[in-house]
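Here is how the chains run, residue by residue.
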Amino acid sequence: MAIRARVFVGLVVFLAASAQFAAADSITFVEVDETTNDAWRTSSVAKNDGDGDNIYGTDGYLIAQYPNGDPLNLVQPSYATIALAPGLNYEGVGAEAHQAVFDDVAQTGPGPVPDLVAGDYWGGGGADGDEGAFFTITLNQSYSFRLTVIGDQTPDNPPGLLWEASRGVRVTGPTSDSGLIDIRGPGDSWRDADVDYVLFDISGDAGDVFTVFGENDSRWGDNALGGVALDTAIPEPSAFVLAALAWALLTGVGARRRSRR
């Protein structure tokens, strides 16, 4: 019986390992965080940021908070390169009346963290439901991370500007697609210029490119997103690890039984 059990577990280990090596890139939608609001860098506000420090963008980010081109707008993670899609425009410093605010990215801690303009990158919206590319993340090594996409960053000033922020977000990879995630909330309840965050878990190999798209809302002529932030995801134990532990346990039990004979 013990031998058969070990053979079975060994087969599970082999199959799990094979699945690991054969796995392609993956994108999993986690949630829309519409409660953190301005406190994206405030560690005393609990959030589902992946690495447990309650700060979005610990690994890196691309945002529009400082003047366009300012180094404070971009921190590259060690495992990837973040880039802005071609053809987009900047709006932030100098347009504070037309943008939401959130924590100054250069400051973190339990708070209060001072707020600065959130800003965004925008392009021509096109027809209702059209999707435009905003950001790319190119991996330079195999890695798993949590991606946060920043939205709901425009107030209703002038009237109608509230709808410039993308109404949906999609992330694609070489073989994967998150599907379009509606970030308006029921009856547009989340559309209030109190910044929202769309979270995805992403895994891929070196050279994989992931693209963030925003869905146009034709109630305003342009389409905009506030940026992206990256954190190292802390994974749950994989099937491979669990099967390996079971194998080690059964092997140890078998060895102890033999030693008692």
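Residues numbered from 1 in each chain as written. Predicted model: local features only at pLDDT ≥ 70, side-chain atom pairs only at ≥ 80, totals over all residues. Heavy atoms only, no water.

**A look at the overall build of the protein chain**
Part 1: Along the backbone of the protein chain there are 2 helices and 16 strands.
Part 2: Among the 261 residues that make up the protein chain, the fraction classed as buried is 46%.
Part 3: At a minimum sequence separation of 6, the contacts of the protein chain that also span at least 24 residues come to 76%.
Part 4: Working note: accessible area of the protein chain is about 12000 Å², and carbon and sulfur atoms make up 58% of it. (Helix = DSSP H or I, 4+ residues; strand = E, 2+ residues; numbered from the N terminus. Buried < 20%, exposed > 50% of the residue type's maximum accessible area, 1.4 Å probe, protein only. Contact = heavy atoms within 4.5 Å. Areas by Shrake-Rupley, 256 points an atom, 1.4 Å probe, with all protein chains shown as cover.)

**Considering the packing of aromatic side chains**
Part 1: Evaluated as defined, the whole model comprises 10 aromatic pairs.
Part 2: Members of the aromatic cluster, each reached through a chain of ring pairs, are Tyr79, Tyr143, Phe145 and Phe210.
Part 3: Taking NZ or CZ as reference, Lys47 lies 5.9 Å from the ring centre of Tyr56, over its face.
Part 4: Taking the ring centre of Trp163 as reference, the NZ or CZ of Arg219 above it sits at 3.6 Å. (Phe/Tyr/Trp six-rings, centres within 6.5 Å; stacked < 30°, edge-to-face > 60°. Lys NZ or Arg CZ within 6 Å of the ring centre and 35° of its normal.)

**A word on unusual backbone geometry**
Part 1: Between Gly111 and the following residue, Pro112, the backbone shows a cis peptide bond with an omega angle of 5 degrees.
Part 2: The topology assignment puts Pro112 in the loop between β6 (101–103) and β7 (115–117).
Part 3: Residue Pro158 is bonded to the preceding Asn157 through a cis peptide linkage, with omega at 5 degrees.
Part 4: If you trace the backbone, Pro158 turns up in the loop between β10 (143–151) and β11 (168–172).

**Some words on the sheet that holds strand β8 (residues 120–124)**
Hydrogen bonds between backbone atoms are what pair the strands of a sheet, whose relative direction is either parallel or antiparallel.
Part 1: Strand order across the open sheet formed by 3 strands is β5-β8-β15, with antiparallel pairing between neighbours. On the outer flanks of this sheet lie β5 (89–91) and β15 (222–225), each paired with one strand and no other. Mean inter-strand twist for the sheet, computed between neighbouring axes without regard to direction, equals 35 degrees. (Pairing = 2+ DSSP bridges. Axes fitted to C-alpha atoms, helices over the stretch in contact; angles between N-to-C directions.)

**Some thoughts on the sheet that holds strand β3 (residues 74–75)**
Part 1: The 6 strands lie next to each other as β1-β13-β10-β16-β2-β3, forming an open sheet whose pairing is antiparallel. Either end of the sheet is taken by a strand with one partner, and the two such strands are β1 (26–33) and β3.
Part 2: Bridging between β10 and strand β13 (residues 196–204) involves 9 bridges; their strand directions are antiparallel. Bridging from a neighbouring strand, Phe145 pairs with Ile202 of β13.

**As for the pairing of β10**
Part 1: Among the 9 residues that make up β10, 7 are buried, leaving the element largely enclosed by the rest of the structure.
Part 2: Taken together, the 6 bridges between β10 and strand β16 (residues 227–232) define a ladder with antiparallel strand orientation. When the sheet's bridge partners are listed, Val149 is paired in β16 with Val228.

**Re the side chain of Asn73**
Part 1: As for its position among the elements, Asn73 is in the loop between β2 (60–63) and β3.
Part 2: Engagement of the side chain of Asn73 in a polar contact is seen with the backbone nitrogen of Tyr66, the distance being 2.9 Å.
Part 3: Apart from the residues within four sequence positions on either side, Asn73 is in contact with Tyr61, Leu62, Ile63, Ala64, Gln65, Tyr66, Pro67, Asn68, Tyr90 and Tyr121. (Polar contact = N/O pair within 3.5 Å; in protein donor to acceptor, adjacent residues only side chain to side chain.)

**Some details on the confidence of the model for the protein chain**
Part 1: Looking at the protein chain as a whole, the pLDDT averages 87, with 81% of positions reaching at least 70.
Part 2: Under a pLDDT of 50 for its full length, residues 3–22 has, in the predicted model, 22 contacts with residues more than four places off or in other chains.
Part 3: Across residues 238–250 the pLDDT falls below 50, and counting only partners more than four positions away or on other chains, this stretch makes 20 contacts in the model. (pLDDT = per-residue confidence, 0-100.)

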